[in-house]
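# Examining the three-dimensional arrangement
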Amino acid sequence: MENDVHIWQKFKSGDRAVFESMIRDHYRTLFDYGKKLITDQDALTDCIHDLFTTLWDRREFLGTTDQIKPYLLKSLRNRIFKEKQRSTIFISLEDGDELFLNDENIESRIISSEHTDETKKQIGYVLHTLTHRQQEIIYLKFYENLTNDQIATVLGITRPAVANLLHITLKLFREKWEALLHTILLFILSI
Amino acid sequence: MKYYDKYNLEDFLLDENFRLWVVQKDQAGDDFWARIEGQYPDKKIIMQQARELLLTWNQTHSELSEDNLEKQVSRILTSTEAPVIQPVAFNFMRTWVSVAASVLLILATGWGISWKMQHEEPASDYRQYVSRVPVPMKEIVNQTGKKMSVKLPDGSVVALSPASRISYAHTFINNKKREVYLSGEAFFDVEKDALNPFFVYAHGLVTRVVGTSFLIKTTEANVEVLVRSGRVSVLAMKDIDSQNNRNTELLLTPNQQAIFSTKDNLISKSISSMPLELIKPETQSGFVFQDQPVHKVFATLEKVYGIPIVYDSAVMEKCSLHVELSNEPFFTKLDIISQTIGASYRVSDGQVVVSSEGCD
(Lines give C-alpha, C1' and ligand atoms only; values in the text may rest on other atoms or scores of the structure.)
Protein backbone atom coordinates (compact mmCIF):
# COMPACT_ATOMS: atom_id res chain seq x y z
CA MET A 1 0.00 0.00 0.00
CA GLU A 2 1.80 3.02 -1.35
CA ASN A 3 -0.57 5.32 0.49
CA ASP A 4 0.17 3.87 3.92
CA VAL A 5 3.91 4.39 3.46
CA HIS A 6 3.25 8.02 2.71
CA ILE A 7 0.86 8.53 5.65
CA TRP A 8 3.26 6.81 8.01
CA GLN A 9 6.17 9.01 6.89
CA LYS A 10 4.14 12.16 7.46
CA PHE A 11 3.05 10.93 10.86
CA LYS A 12 6.64 10.16 11.79
CA SER A 13 7.70 13.64 10.83
CA GLY A 14 5.19 15.00 13.35
CA ASP A 15 2.24 15.98 11.16
CA ARG A 16 -0.62 16.42 13.64
CA ALA A 17 -3.34 16.45 10.97
CA VAL A 18 -2.15 13.13 9.59
CA PHE A 19 -1.93 11.73 13.10
CA GLU A 20 -5.50 12.80 13.78
CA SER A 21 -6.86 11.28 10.59
CA MET A 22 -4.94 8.11 11.35
CA ILE A 23 -6.70 7.90 14.72
CA ARG A 24 -10.07 8.61 13.12
CA ASP A 25 -9.54 6.08 10.34
CA HIS A 26 -8.66 3.25 12.67
CA TYR A 27 -10.28 3.96 16.02
CA ARG A 28 -13.50 2.11 15.32
CA THR A 29 -11.71 -0.91 13.90
CA LEU A 30 -9.46 -1.09 16.93
CA PHE A 31 -12.37 -0.62 19.31
CA ASP A 32 -14.53 -3.30 17.70
CA TYR A 33 -11.66 -5.75 17.59
CA GLY A 34 -10.61 -4.90 21.16
CA LYS A 35 -14.16 -5.45 22.38
CA LYS A 36 -13.72 -9.07 21.48
CA LEU A 37 -10.54 -9.36 23.47
CA ILE A 38 -11.51 -7.56 26.66
CA THR A 39 -14.93 -6.82 28.13
CA ASP A 40 -13.99 -3.87 30.30
CA GLN A 41 -14.64 -0.91 28.03
CA ASP A 42 -12.69 1.57 30.16
CA ALA A 43 -9.65 -0.66 30.14
CA LEU A 44 -10.02 -0.98 26.37
CA THR A 45 -10.24 2.74 25.65
CA ASP A 46 -7.25 3.19 27.99
CA CYS A 47 -5.32 0.63 25.96
CA ILE A 48 -6.14 2.35 22.67
CA HIS A 49 -5.33 5.73 24.20
CA ASP A 50 -1.96 4.47 25.41
CA LEU A 51 -1.32 2.80 22.06
CA PHE A 52 -1.69 6.07 20.15
CA THR A 53 0.08 8.26 22.70
CA THR A 54 3.01 5.85 22.78
CA LEU A 55 3.12 5.85 18.98
CA TRP A 56 3.20 9.62 18.97
CA ASP A 57 5.88 9.78 21.64
CA ARG A 58 8.05 7.26 19.89
CA ARG A 59 7.27 8.25 16.32
CA GLU A 60 10.84 9.29 15.55
CA PHE A 61 12.15 5.90 16.55
CA LEU A 62 9.59 3.79 14.74
CA GLY A 63 10.46 1.85 11.62
CA THR A 64 8.56 2.19 8.36
CA THR A 65 5.41 0.28 7.60
CA ASP A 66 3.19 -0.08 4.57
CA GLN A 67 0.51 -1.81 6.62
CA ILE A 68 -0.88 0.57 9.19
CA LYS A 69 -4.08 -1.25 10.05
CA PRO A 70 -2.55 -4.68 10.80
CA TYR A 71 0.26 -2.96 12.65
CA LEU A 72 -2.21 -1.17 14.90
CA LEU A 73 -4.33 -4.26 15.43
CA LYS A 74 -1.28 -6.25 16.39
CA SER A 75 -0.07 -3.59 18.82
CA LEU A 76 -3.48 -3.42 20.43
CA ARG A 77 -3.65 -7.17 20.71
CA ASN A 78 -0.29 -7.23 22.51
CA ARG A 79 -1.31 -4.42 24.81
CA ILE A 80 -4.54 -6.09 25.81
CA PHE A 81 -2.73 -9.35 26.39
CA LYS A 82 -0.27 -7.59 28.68
CA GLU A 83 -3.02 -5.73 30.47
CA LYS A 84 -4.83 -8.99 31.08
CA GLN A 85 -1.71 -10.64 32.39
CA ARG A 86 -1.19 -7.84 34.86
CA SER A 87 -4.69 -7.96 36.19
CA THR A 88 -4.90 -11.68 36.65
CA ILE A 89 -8.14 -11.34 38.53
CA PHE A 90 -9.82 -9.86 35.53
CA ILE A 91 -8.93 -12.86 33.54
CA SER A 92 -10.48 -15.16 36.08
CA LEU A 93 -13.65 -13.10 36.11
CA GLU A 94 -13.72 -12.75 32.38
CA ASP A 95 -13.99 -16.41 31.65
CA GLY A 96 -11.15 -18.33 30.15
CA ASP A 97 -7.47 -17.89 29.54
CA GLU A 98 -7.79 -17.60 25.81
CA LEU A 99 -7.54 -14.13 24.49
CA PHE A 100 -10.51 -14.01 22.18
CA LEU A 101 -13.73 -13.63 24.08
CA ASN A 102 -16.63 -15.85 23.38
CA ASP A 103 -18.75 -13.02 22.23
CA GLU A 104 -22.47 -13.34 22.64
CA ASN A 105 -22.74 -10.12 20.72
CA ILE A 106 -21.84 -11.73 17.46
CA GLU A 107 -24.96 -13.76 17.76
CA SER A 108 -27.24 -11.05 19.07
CA ARG A 109 -25.83 -8.60 16.57
CA ILE A 110 -26.54 -10.93 13.71
CA ILE A 111 -30.01 -11.59 15.02
CA SER A 112 -30.83 -7.95 15.49
CA SER A 113 -29.51 -6.82 12.15
CA GLU A 114 -32.03 -6.36 9.36
CA HIS A 115 -34.47 -9.24 9.32
CA THR A 116 -34.29 -11.88 11.99
CA ASP A 117 -33.40 -14.46 9.48
CA GLU A 118 -33.28 -18.09 10.41
CA THR A 119 -30.01 -18.52 8.51
CA LYS A 120 -28.38 -15.74 10.44
CA LYS A 121 -29.37 -17.35 13.70
CA GLN A 122 -27.81 -20.56 12.53
CA ILE A 123 -24.61 -18.83 11.48
CA GLY A 124 -24.35 -17.18 14.87
CA TYR A 125 -25.01 -20.44 16.60
CA VAL A 126 -22.39 -22.36 14.65
CA LEU A 127 -19.83 -19.59 15.06
CA HIS A 128 -20.33 -19.84 18.77
CA THR A 129 -19.32 -23.47 18.88
CA LEU A 130 -15.87 -22.67 17.43
CA THR A 131 -12.84 -22.02 19.61
CA HIS A 132 -11.79 -18.48 20.43
CA ARG A 133 -8.92 -18.61 18.01
CA GLN A 134 -11.11 -19.89 15.22
CA GLN A 135 -13.61 -17.11 15.88
CA GLU A 136 -10.81 -14.59 15.90
CA ILE A 137 -9.49 -15.61 12.51
CA ILE A 138 -12.97 -15.49 10.99
CA TYR A 139 -13.37 -12.05 12.48
CA LEU A 140 -10.11 -10.77 11.03
CA LYS A 141 -10.71 -12.30 7.61
CA PHE A 142 -14.38 -11.58 7.05
CA TYR A 143 -15.34 -8.76 9.40
CA GLU A 144 -12.15 -6.79 9.03
CA ASN A 145 -11.41 -8.02 5.50
CA LEU A 146 -7.72 -8.46 6.17
CA THR A 147 -5.52 -10.39 3.76
CA ASN A 148 -3.75 -13.51 4.94
CA ASP A 149 -0.51 -11.53 5.10
CA GLN A 150 -2.11 -8.97 7.34
CA ILE A 151 -3.65 -11.61 9.58
CA ALA A 152 -0.22 -13.20 9.90
CA THR A 153 1.11 -9.85 11.13
CA VAL A 154 -1.68 -9.42 13.65
CA LEU A 155 -1.51 -12.90 15.10
CA GLY A 156 2.24 -13.21 14.83
CA ILE A 157 2.16 -16.45 12.86
CA THR A 158 3.33 -17.29 9.35
CA ARG A 159 1.24 -16.82 6.24
CA PRO A 160 0.95 -20.56 5.53
CA ALA A 161 -0.19 -21.06 9.11
CA VAL A 162 -2.93 -18.49 8.54
CA ALA A 163 -4.07 -20.20 5.36
CA ASN A 164 -4.03 -23.52 7.15
CA LEU A 165 -5.95 -22.27 10.18
CA LEU A 166 -8.49 -20.53 7.97
CA HIS A 167 -9.05 -23.62 5.91
CA ILE A 168 -9.46 -25.88 8.92
CA THR A 169 -11.76 -23.38 10.60
CA LEU A 170 -14.03 -22.94 7.62
CA LYS A 171 -14.16 -26.65 6.96
CA LEU A 172 -15.17 -27.20 10.56
CA PHE A 173 -17.71 -24.42 10.25
CA ARG A 174 -19.21 -26.07 7.18
CA GLU A 175 -19.40 -29.46 8.84
CA LYS A 176 -21.07 -28.03 11.89
CA TRP A 177 -23.47 -26.04 9.81
CA GLU A 178 -24.36 -29.08 7.71
CA ALA A 179 -24.93 -31.09 10.86
CA LEU A 180 -27.20 -28.37 12.17
CA LEU A 181 -29.16 -28.18 8.93
CA HIS A 182 -29.45 -31.93 8.97
CA THR A 183 -30.82 -31.88 12.51
CA ILE A 184 -33.31 -29.20 11.62
CA LEU A 185 -34.38 -31.17 8.57
CA LEU A 186 -34.90 -34.31 10.63
CA PHE A 187 -36.84 -32.27 13.11
CA ILE A 188 -39.12 -30.86 10.43
CA LEU A 189 -39.63 -34.29 8.88
CA SER A 190 -40.51 -35.83 12.20
CA ILE A 191 -43.32 -33.38 12.88
CA MET B 1 -9.29 -22.33 -14.87
CA LYS B 2 -10.19 -23.22 -11.33
CA TYR B 3 -11.93 -26.46 -10.49
CA TYR B 4 -15.20 -25.02 -9.38
CA ASP B 5 -16.85 -28.43 -9.62
CA LYS B 6 -14.65 -29.46 -6.68
CA TYR B 7 -15.43 -26.31 -4.75
CA ASN B 8 -16.75 -26.62 -1.24
CA LEU B 9 -18.27 -23.91 0.93
CA GLU B 10 -14.88 -22.99 2.36
CA ASP B 11 -13.33 -22.80 -1.08
CA PHE B 12 -15.87 -20.21 -2.16
CA LEU B 13 -15.36 -18.29 1.08
CA LEU B 14 -11.63 -18.20 0.54
CA ASP B 15 -11.82 -17.42 -3.19
CA GLU B 16 -10.64 -13.84 -3.34
CA ASN B 17 -12.62 -13.01 -6.51
CA PHE B 18 -15.79 -14.51 -5.15
CA ARG B 19 -15.42 -12.62 -1.88
CA LEU B 20 -14.77 -9.28 -3.56
CA TRP B 21 -17.73 -9.83 -5.85
CA VAL B 22 -20.06 -10.41 -2.91
CA VAL B 23 -18.67 -7.89 -0.46
CA GLN B 24 -17.92 -5.01 -2.80
CA LYS B 25 -20.95 -5.71 -5.02
CA ASP B 26 -18.62 -5.73 -7.97
CA GLN B 27 -20.90 -5.80 -11.03
CA ALA B 28 -18.12 -6.92 -13.29
CA GLY B 29 -18.31 -10.27 -11.55
CA ASP B 30 -22.03 -10.75 -12.13
CA ASP B 31 -21.74 -12.43 -15.49
CA PHE B 32 -18.83 -14.58 -14.52
CA TRP B 33 -20.45 -16.02 -11.41
CA ALA B 34 -23.80 -16.43 -13.12
CA ARG B 35 -21.99 -18.51 -15.73
CA ILE B 36 -20.33 -20.64 -13.07
CA GLU B 37 -23.69 -21.13 -11.42
CA GLY B 38 -25.16 -22.25 -14.76
CA GLN B 39 -22.24 -24.52 -15.45
CA TYR B 40 -22.34 -26.23 -12.06
CA PRO B 41 -25.99 -26.24 -10.99
CA ASP B 42 -25.22 -28.46 -8.00
CA LYS B 43 -23.04 -25.64 -6.60
CA LYS B 44 -25.92 -23.20 -6.58
CA ILE B 45 -26.92 -23.80 -2.98
CA ILE B 46 -23.36 -23.72 -1.72
CA MET B 47 -22.73 -20.45 -3.53
CA GLN B 48 -25.88 -19.03 -2.02
CA GLN B 49 -24.75 -20.11 1.45
CA ALA B 50 -21.30 -18.64 0.93
CA ARG B 51 -22.82 -15.32 -0.14
CA GLU B 52 -25.07 -15.21 2.87
CA LEU B 53 -22.18 -15.96 5.19
CA LEU B 54 -19.97 -13.31 3.66
CA LEU B 55 -22.72 -10.70 3.78
CA THR B 56 -23.61 -11.50 7.36
CA TRP B 57 -20.01 -11.34 8.48
CA ASN B 58 -19.37 -8.20 6.57
CA GLN B 59 -22.07 -6.23 8.34
CA THR B 60 -20.19 -4.48 11.04
CA HIS B 61 -22.34 -2.83 13.63
CA SER B 62 -19.95 -0.91 15.76
CA GLU B 63 -20.78 -0.64 19.44
CA LEU B 64 -18.95 2.64 19.61
CA SER B 65 -21.16 5.73 19.43
CA GLU B 66 -20.14 8.78 17.41
CA ASP B 67 -20.01 10.81 20.64
CA ASN B 68 -17.72 8.41 22.37
CA LEU B 69 -15.50 8.21 19.29
CA GLU B 70 -15.09 12.00 19.29
CA LYS B 71 -14.37 11.99 23.00
CA GLN B 72 -11.70 9.31 22.68
CA VAL B 73 -10.04 10.98 19.70
CA SER B 74 -9.83 14.32 21.45
CA ARG B 75 -8.54 12.60 24.58
CA ILE B 76 -5.65 11.13 22.59
CA LEU B 77 -4.97 14.43 20.84
CA THR B 78 -4.91 16.31 24.13
CA SER B 79 -2.51 13.88 25.78
CA THR B 80 -0.12 14.10 22.88
CA GLU B 81 -0.04 17.87 22.66
CA ALA B 82 3.42 19.36 23.00
CA PRO B 83 3.93 20.64 26.53
CA VAL B 84 3.91 24.35 27.18
CA ILE B 85 7.05 25.44 28.97
CA GLN B 86 6.25 25.18 32.64
CA PRO B 87 8.16 25.03 35.89
CA VAL B 88 10.18 21.88 36.19
CA ALA B 89 8.42 20.34 39.14
CA PHE B 90 5.02 20.78 37.63
CA ASN B 91 6.02 19.01 34.48
CA PHE B 92 7.43 16.29 36.61
CA MET B 93 3.92 15.74 37.95
CA ARG B 94 1.89 16.01 34.82
CA THR B 95 3.71 13.65 32.55
CA TRP B 96 2.03 10.42 33.52
CA VAL B 97 0.05 9.97 30.39
CA SER B 98 2.26 11.76 28.00
CA VAL B 99 5.74 10.45 28.15
CA ALA B 100 6.34 12.66 25.17
CA ALA B 101 6.25 15.63 27.44
CA SER B 102 9.10 14.29 29.49
CA VAL B 103 11.12 13.29 26.46
CA LEU B 104 10.71 16.69 24.89
CA LEU B 105 11.34 18.38 28.19
CA ILE B 106 14.60 16.60 28.75
CA LEU B 107 15.66 17.25 25.19
CA ALA B 108 14.67 20.88 25.47
CA THR B 109 16.28 21.72 28.73
CA GLY B 110 19.23 19.43 28.46
CA TRP B 111 21.30 17.92 31.16
CA GLY B 112 20.31 20.40 33.79
CA ILE B 113 17.08 18.70 34.59
CA SER B 114 18.19 15.15 34.42
CA TRP B 115 21.01 16.09 36.74
CA LYS B 116 18.51 17.68 39.07
CA MET B 117 16.21 14.72 38.98
CA GLN B 118 18.99 12.40 39.92
CA HIS B 119 20.52 14.46 42.63
CA GLU B 120 17.68 16.31 44.23
CA GLU B 121 15.41 14.62 46.69
CA PRO B 122 12.41 13.41 44.77
CA ALA B 123 9.34 15.50 45.41
CA SER B 124 7.85 12.95 47.71
CA ASP B 125 7.19 15.07 50.73
CA TYR B 126 3.69 16.51 50.89
CA ARG B 127 4.72 20.12 51.59
CA GLN B 128 7.47 20.01 49.06
CA TYR B 129 5.30 19.05 46.15
CA VAL B 130 2.25 21.05 47.10
CA SER B 131 4.44 24.13 47.19
CA ARG B 132 5.70 23.37 43.69
CA VAL B 133 2.30 23.29 42.05
CA PRO B 134 1.97 26.57 40.16
CA VAL B 135 -1.83 26.92 40.39
CA PRO B 136 -3.77 28.18 43.44
CA MET B 137 -4.43 25.34 45.84
CA LYS B 138 -7.00 24.66 48.47
CA GLU B 139 -5.91 22.80 51.58
CA ILE B 140 -8.16 20.99 54.02
CA VAL B 141 -6.80 19.88 57.37
CA ASN B 142 -8.73 17.68 59.75
CA GLN B 143 -8.01 18.99 63.22
CA THR B 144 -11.00 17.29 64.79
CA GLY B 145 -10.87 13.97 66.56
CA LYS B 146 -13.04 12.10 64.08
CA LYS B 147 -13.29 11.46 60.36
CA MET B 148 -14.19 14.41 58.21
CA SER B 149 -16.10 14.19 54.96
CA VAL B 150 -14.80 16.40 52.17
CA LYS B 151 -16.64 16.81 48.91
CA LEU B 152 -14.35 17.57 45.98
CA PRO B 153 -15.45 19.80 43.08
CA ASP B 154 -15.99 16.77 40.83
CA GLY B 155 -18.40 15.15 43.29
CA SER B 156 -15.89 12.67 44.67
CA VAL B 157 -16.01 12.26 48.43
CA VAL B 158 -13.00 11.98 50.70
CA ALA B 159 -13.27 10.72 54.27
CA LEU B 160 -10.29 12.42 55.85
CA SER B 161 -8.92 10.86 59.02
CA PRO B 162 -7.90 12.98 62.03
CA ALA B 163 -4.58 14.80 61.71
CA SER B 164 -4.57 14.31 57.95
CA ARG B 165 -4.61 16.84 55.16
CA ILE B 166 -5.33 17.06 51.45
CA SER B 167 -4.67 19.74 48.87
CA TYR B 168 -6.10 20.23 45.44
CA ALA B 169 -6.25 22.94 42.80
CA HIS B 170 -9.10 25.45 42.89
CA THR B 171 -9.87 24.67 39.28
CA PHE B 172 -9.97 20.99 39.95
CA ILE B 173 -9.49 19.56 36.49
CA ASN B 174 -6.16 20.52 34.96
CA ASN B 175 -4.73 19.00 31.81
CA LYS B 176 -7.46 16.36 31.91
CA LYS B 177 -6.43 15.24 35.34
CA ARG B 178 -7.95 15.43 38.77
CA GLU B 179 -5.11 15.66 41.25
CA VAL B 180 -5.09 15.44 45.02
CA TYR B 181 -2.12 15.56 47.40
CA LEU B 182 -2.44 13.64 50.63
CA SER B 183 -0.67 13.49 53.93
CA GLY B 184 -2.05 11.07 56.52
CA GLU B 185 -4.98 8.79 55.85
CA ALA B 186 -8.09 9.14 53.71
CA PHE B 187 -10.74 7.00 52.09
CA PHE B 188 -11.57 8.10 48.54
CA ASP B 189 -14.85 7.48 46.78
CA VAL B 190 -14.13 8.74 43.30
CA GLU B 191 -16.78 9.82 40.81
CA LYS B 192 -16.34 7.99 37.56
CA ASP B 193 -14.89 10.16 34.79
CA ALA B 194 -12.83 8.19 32.32
CA LEU B 195 -11.71 11.29 30.47
CA ASN B 196 -10.20 12.92 33.52
CA PRO B 197 -8.41 10.30 35.58
CA PHE B 198 -8.00 10.89 39.29
CA PHE B 199 -4.50 10.97 40.80
CA VAL B 200 -3.50 10.92 44.44
CA TYR B 201 0.09 11.81 45.30
CA ALA B 202 1.12 10.56 48.71
CA HIS B 203 4.60 10.24 50.12
CA GLY B 204 6.33 9.18 46.92
CA LEU B 205 3.50 7.02 45.58
CA VAL B 206 1.12 7.90 42.76
CA THR B 207 -2.29 6.25 42.73
CA ARG B 208 -4.26 6.49 39.51
CA VAL B 209 -7.93 5.64 39.13
CA VAL B 210 -10.85 6.38 36.89
CA GLY B 211 -13.76 5.87 39.26
CA THR B 212 -13.57 3.66 42.31
CA SER B 213 -13.16 3.67 46.07
CA PHE B 214 -10.00 3.05 48.02
CA LEU B 215 -8.12 3.91 51.19
CA ILE B 216 -4.70 5.49 51.38
CA LYS B 217 -2.71 5.57 54.58
CA THR B 218 0.66 7.25 54.79
CA THR B 219 3.15 6.87 57.58
CA GLU B 220 6.79 7.81 57.85
CA ALA B 221 7.96 4.48 56.50
CA ASN B 222 5.31 3.47 53.99
CA VAL B 223 2.13 4.14 52.06
CA GLU B 224 -0.72 1.65 52.02
CA VAL B 225 -3.38 1.60 49.33
CA LEU B 226 -6.36 -0.65 49.87
CA VAL B 227 -8.95 -1.07 47.14
CA ARG B 228 -12.63 -1.30 47.97
CA SER B 229 -14.12 -1.21 44.47
CA GLY B 230 -12.98 -0.76 40.87
CA ARG B 231 -9.43 -0.82 39.61
CA VAL B 232 -6.55 1.22 40.91
CA SER B 233 -3.05 1.54 39.60
CA VAL B 234 -0.09 2.59 41.72
CA LEU B 235 3.38 3.69 40.71
CA ALA B 236 6.35 5.08 42.58
CA MET B 237 6.59 8.78 41.87
CA LYS B 238 10.21 8.49 40.88
CA ASP B 239 9.19 6.19 38.03
CA ILE B 240 6.63 8.51 36.48
CA ASP B 241 8.95 9.94 33.91
CA SER B 242 10.79 6.87 32.93
CA GLN B 243 9.08 4.73 30.38
CA ASN B 244 11.19 1.71 31.20
CA ASN B 245 10.06 1.82 34.75
CA ARG B 246 6.43 1.99 33.83
CA ASN B 247 6.25 -1.74 34.31
CA THR B 248 6.75 -1.16 38.01
CA GLU B 249 3.18 0.07 37.84
CA LEU B 250 0.94 -2.26 39.80
CA LEU B 251 -2.69 -2.85 39.15
CA LEU B 252 -4.89 -3.46 42.16
CA THR B 253 -8.36 -4.90 42.25
CA PRO B 254 -10.87 -4.93 45.12
CA ASN B 255 -9.59 -6.31 48.41
CA GLN B 256 -6.04 -6.14 47.18
CA GLN B 257 -3.59 -3.85 48.85
CA ALA B 258 -0.32 -2.25 47.88
CA ILE B 259 2.33 -1.41 50.40
CA PHE B 260 4.88 1.09 49.25
CA SER B 261 8.08 1.41 51.19
CA THR B 262 9.32 4.99 51.02
CA LYS B 263 12.82 3.97 52.00
CA ASP B 264 13.61 1.67 49.10
CA ASN B 265 10.82 2.80 46.76
CA LEU B 266 9.41 -0.70 46.43
CA ILE B 267 5.77 -1.61 46.03
CA SER B 268 4.45 -4.97 47.11
CA LYS B 269 1.05 -6.43 46.58
CA SER B 270 -0.96 -8.10 49.28
CA ILE B 271 -4.50 -8.77 50.41
CA SER B 272 -6.59 -6.74 52.80
CA SER B 273 -6.51 -8.23 56.28
CA MET B 274 -10.30 -8.13 56.33
CA PRO B 275 -11.57 -8.58 52.76
CA LEU B 276 -15.15 -7.52 52.14
CA GLU B 277 -17.71 -9.40 50.11
CA LEU B 278 -17.86 -7.72 46.72
CA ILE B 279 -20.93 -9.56 45.56
CA LYS B 280 -23.33 -11.99 47.17
CA PRO B 281 -22.78 -15.66 46.41
CA GLU B 282 -24.67 -16.65 43.30
CA THR B 283 -26.33 -19.74 44.64
CA GLN B 284 -29.18 -19.71 47.11
CA SER B 285 -27.20 -21.84 49.49
CA GLY B 286 -24.47 -19.18 49.68
CA PHE B 287 -21.48 -20.61 51.51
CA VAL B 288 -23.19 -23.84 52.44
CA PHE B 289 -21.34 -26.61 50.66
CA GLN B 290 -22.65 -30.14 50.78
CA ASP B 291 -20.14 -32.60 49.39
CA GLN B 292 -18.93 -30.09 46.86
CA PRO B 293 -15.62 -30.50 45.03
CA VAL B 294 -13.08 -28.07 46.36
CA HIS B 295 -12.74 -26.21 43.07
CA LYS B 296 -16.36 -25.09 43.38
CA VAL B 297 -15.74 -23.79 46.87
CA PHE B 298 -12.66 -21.86 45.77
CA ALA B 299 -14.48 -20.50 42.71
CA THR B 300 -17.25 -19.16 44.94
CA LEU B 301 -14.75 -17.50 47.27
CA GLU B 302 -12.84 -16.00 44.34
CA LYS B 303 -15.99 -14.53 42.91
CA VAL B 304 -17.36 -13.15 46.14
CA TYR B 305 -14.13 -11.62 47.42
CA GLY B 306 -12.42 -10.96 44.10
CA ILE B 307 -9.23 -12.54 45.39
CA PRO B 308 -7.48 -15.06 43.16
CA ILE B 309 -6.96 -18.45 44.76
CA VAL B 310 -4.19 -20.54 43.27
CA TYR B 311 -4.02 -24.30 43.78
CA ASP B 312 -3.08 -27.47 42.00
CA SER B 313 -6.38 -28.72 40.67
CA ALA B 314 -4.91 -32.06 39.66
CA VAL B 315 -3.61 -32.82 43.15
CA MET B 316 -6.77 -31.59 44.83
CA GLU B 317 -9.12 -33.18 42.36
CA LYS B 318 -10.56 -35.62 44.87
CA CYS B 319 -10.93 -33.13 47.69
CA SER B 320 -14.52 -32.38 48.52
CA LEU B 321 -16.08 -30.38 51.28
CA HIS B 322 -19.08 -30.63 53.49
CA VAL B 323 -19.10 -27.39 55.37
CA GLU B 324 -21.45 -24.58 56.28
CA LEU B 325 -19.98 -21.12 56.22
CA SER B 326 -21.76 -17.83 56.64
CA ASN B 327 -20.49 -14.48 57.86
CA GLU B 328 -17.01 -15.43 58.99
CA PRO B 329 -14.25 -13.18 57.70
CA PHE B 330 -12.50 -14.35 54.54
CA PHE B 331 -9.43 -15.69 56.29
CA THR B 332 -11.50 -17.56 58.87
CA LYS B 333 -13.35 -19.22 56.00
CA LEU B 334 -10.03 -20.18 54.47
CA ASP B 335 -8.82 -21.55 57.81
CA ILE B 336 -11.92 -23.71 58.14
CA ILE B 337 -11.67 -25.00 54.60
CA SER B 338 -7.98 -25.78 54.71
CA GLN B 339 -8.26 -27.52 58.09
CA THR B 340 -11.13 -29.64 56.82
CA ILE B 341 -9.20 -30.92 53.83
CA GLY B 342 -5.79 -30.87 55.48
CA ALA B 343 -4.31 -28.16 53.30
CA SER B 344 -2.40 -25.01 54.09
CA TYR B 345 -2.28 -21.60 52.45
CA ARG B 346 -0.22 -18.48 52.25
CA VAL B 347 -0.75 -15.05 50.77
CA SER B 348 1.59 -14.07 47.98
CA ASP B 349 1.49 -11.18 45.54
CA GLY B 350 -2.16 -10.41 46.11
CA GLN B 351 -3.21 -14.03 45.75
CA VAL B 352 -3.96 -16.91 48.06
CA VAL B 353 -1.80 -19.93 47.32
CA VAL B 354 -3.17 -23.20 48.66
CA SER B 355 -0.93 -26.23 49.03
CA SER B 356 -2.21 -29.71 49.67
CA GLU B 357 -1.04 -33.28 49.37
CA GLY B 358 -4.39 -34.24 47.92
CA CYS B 359 -7.29 -36.22 49.34
CA ASP B 360 -8.17 -39.89 49.09
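Definitions and cut-offs
- Residues numbered from 1 in each chain as written.
- Chains lettered and ligands numbered in written order.
- Predicted model: local features only at pLDDT ≥ 70, side-chain atom pairs only at ≥ 80, totals over all residues.
- Heavy atoms only, no water.
- Pairing = 2+ DSSP bridges.
- Helix = DSSP H or I, 4+ residues; strand = E, 2+ residues; numbered from the N terminus.
- Axes fitted to C-alpha atoms, helices over the stretch in contact; angles between N-to-C directions.
- Contact = heavy atoms within 4.5 Å.
- pLDDT = per-residue confidence, 0-100.
- Salt bridge = Lys/Arg side-chain N within 4 Å of Asp/Glu carboxyl O.
- Buried < 20%, exposed > 50% of the residue type's maximum accessible area, 1.4 Å probe, protein only.
- Core = buried A, V, L, I, M, F, W, Y, C linked by side-chain atoms within 4.5 Å.
- Phe/Tyr/Trp six-rings, centres within 6.5 Å; stacked < 30°, edge-to-face > 60°.

## Considering the sheet that holds strand E6 (residues 185-189) of chain B
Residue and element names in this part refer to chain B.
- The seven strands lie next to each other as E2-E3-E6-E9-E10-E13-E14, forming an open sheet whose pairing is antiparallel. Two strands bound the open sheet, and with one partner strand each, they are strand E2 (148-151) and strand E14 (266-271). On average, adjacent strands in this sheet sit at an angle of 20° to one another, irrespective of strand direction.

## Considering the sheet that holds strand E18 (residues 344-348) of chain B
Residues and elements named next belong to chain B.
- The three strands are arranged E16-E19-E18 in an open sheet whose pairing can be described as mixed. Each of the sheet's edge strands pairs with one partner strand only, and the pair in question is strand E16 (309-310) and E18.
- Set on the sheet, helix H11 (residues 330-341) makes contact with E18 and strand E19 (351-355); between it and E18 the angle comes to about 145°.

## A word on the confidence of the model for chain B
All names here are of chain B.
- For chain B, per-residue confidence averages 79 on the pLDDT scale, and residues scoring 70 or more make up 84% of the total.
- Between the elements of chain B, mean pLDDT differs from a low of 39, seen in helix H8 (residues 111-119), to a high of 91, seen in strand E3 (residues 157-160).
- Predicted confidence is poor over residues 84-123, with pLDDT under 50, and the contacts of this stretch with residues over four places away or in other chains come to 62 contacts.

## A short note on the pattern of salt bridges
- According to the stated counting rule, one finds 17 salt bridges over all chains in the structure shown.
- Its salt-bridge partner being Glu178(A), residue Arg174(A) comes within 3.6 Å of it at the nearest N-O pair. Here Arg174(A) and its partner Glu178(A) are both found in helix H10 (residues 159-190), four residues apart, which amounts to about one turn of the helix.
- According to the relative accessible area criterion, Arg174(A) is buried, its value standing at 11%.
- Salt-bridge contacts for Glu179(B) lead to Lys177(B); the nearest nitrogen and oxygen are separated by 3.9 Å.
- Owing to a relative accessible area of 8%, Glu179(B) belongs among the buried residues under this scheme.

## Some words on the confidence of the model for chain A
Residues and elements named next belong to chain A.
- The share of residues in chain A with pLDDT of 70 or more is 81%, and the mean pLDDT across the chain is 79.
- No element of chain A has a lower mean pLDDT than helix H5 (residues 88-93), at 34, and none a higher one than helix H2 (residues 16-35), at 91.
- Long-range and interchain partners of residues 88-99, a stretch whose pLDDT sits below 50, account for 25 contacts in this model, where long-range means more than four residues apart.
- Ignoring residues within four places in sequence, the model shows residues 102-116, a span with pLDDT below 50, making 32 contacts including any to other chains.

## Digging into the nonpolar core
- Counting residues in hydrophobic clusters, the biggest one holds 70 residues, and the most contacted among them are Phe52(A), Phe173(A) and Trp57(B).
- Beyond its immediate sequence surroundings of up to four residues, Phe173(A) is in contact with Ile123(A), Val126(A), Leu127(A), Leu130(A), Ile138(A), Leu53(B) and Trp57(B).
- Membership of the second largest hydrophobic core comes to 30 residues, among which are Val150(B), Leu152(B), Leu205(B) and Val223(B).

## Some thoughts on the packing of aromatic side chains
- On inspection of all chains with the given rule, the structure shows 32 aromatic pairs over all chains.
- Taking 5.3 Å as the distance between ring centres and 70° as the angle between the ring planes, the aromatic pair formed by Trp8(A) and Tyr71(A) counts as edge-to-face. With Trp8(A) in helix H1 (residues 2-12) and Tyr71(A) in helix H4 (residues 68-86), this residue pair connects regions lying 63 residues apart in the sequence.
- Seen from their ring centres, Phe298(B) and Tyr311(B) are 4.8 Å apart, and the 55° between their planes marks the pair as tilted. Taken as a pair, Phe298(B) in helix H10 (residues 294-305) and Tyr311(B) in the loop between E16 and strand E17 (320-324) lie far apart in primary sequence, 13 residues in all.
- On the basis of relative accessible area, Tyr311(B) is assigned to the partly exposed category, the value being 23%.
- Grouped by ring-pair contacts, the aromatic residues Tyr4(B), Tyr7(B), Phe12(B), Phe18(B), Trp21(B), Phe32(B) and Trp33(B) constitute a single cluster.

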